[in-house]
Amino acid sequence: MHQLKKHGFKIAAIARKCNLSRTTVYDYLERDFEEVYKWVEEMKTRKRKLTFIRTRF
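Visitor: Help me get a handle on the overall build of the protein chain, residues and values and all.
Guide: Scanning the protein chain from N- to C-terminus turns up 5 helices and 0 strands. Within the protein chain, the fraction of its 57 residues that count as buried is 12%. If you sum the accessible surface of the protein chain, you get close to 5,400 Å²; carbon and sulfur atoms cover 53% of it.

Right, here's the structure in full:
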């Protein structure tokens, strides 16, 4: 995303290309590489709200 932004892409275009919300793109661009890596890994392993309900029934 950082490279797309450097090449002149607008936030909305980056969001469409990556299938993300504009808010997520802004969050991503505010972080450095290490922070983004940790954030992405956390998002992969975080518990979802419906996980508890699905496993219960």
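Visitor: Lay out the environment of His2 in plain terms, naming residues and giving numbers.
Guide: By the secondary structure assignment, His2 is in helix H1 (residues 2-6). Judged by its relative accessible area of 31%, His2 falls in the partly exposed class. Spatially, the C-alpha atoms of His2 and Asp32 are 9.4 Å apart, while their sequence positions differ by 30 residues. Side-chain polar atoms of His2 contact the backbone oxygen of Arg31, separated by 3.3 Å.

Visitor: Let's hear about the environment of Leu4: which residues, and what values?
Guide: Looking at where Leu4 falls in the secondary structure, it is placed in helix H1. On the accessibility criterion, Leu4 (21% relative accessible area) is partly exposed. Along the primary structure Leu4 and Lys17 are separated by 13 residues, whereas in three dimensions their C-alpha atoms are 9.9 Å apart. Setting aside residues up to four positions removed in sequence, Leu4 forms contacts with Phe9, Ile14, Lys17 and Cys18.

Visitor: An account of unusual backbone geometry is needed here, citing residue identities and associated values.
Guide: Even without a glycine there, the phi angle at Asn19 is positive, about 60°. Considering the arrangement of structural elements, one finds Asn19 in the loop between helix H2 (11-18) and helix H3 (22-30). Residue class for Asn19 comes out exposed when judged on its relative accessible area of 70%.

Visitor: Any details on H2? Residues and values, ideally.
Guide: Taken together, the buried positions of H2 are occupied by Ile11, Ile14 and Ala15. Taken end-on, H2 shows its buried residues confined to a sector of 100°, consistent with a single buried face. Seen from the open side of H2, the exposed residues pointing more than 90 degrees away from its buried face are Arg16 and Lys17. Check the buried side of H2 and you find it contacts H1 and H3.

What counts and what doesn't
Residues numbered from 1 in each chain as written. Predicted model: local features only at pLDDT ≥ 70, side-chain atom pairs only at ≥ 80, totals over all residues. Heavy atoms only, no water. Helix = DSSP H or I, 4+ residues; strand = E, 2+ residues; numbered from the N terminus. Buried < 20%, exposed > 50% of the residue type's maximum accessible area, 1.4 Å probe, protein only. Areas by Shrake-Rupley, 256 points an atom, 1.4 Å probe, with all protein chains shown as cover. Polar contact = N/O pair within 3.5 Å; in protein donor to acceptor, adjacent residues only side chain to side chain. Contact = heavy atoms within 4.5 Å. Arc of directions from axis to C-beta.

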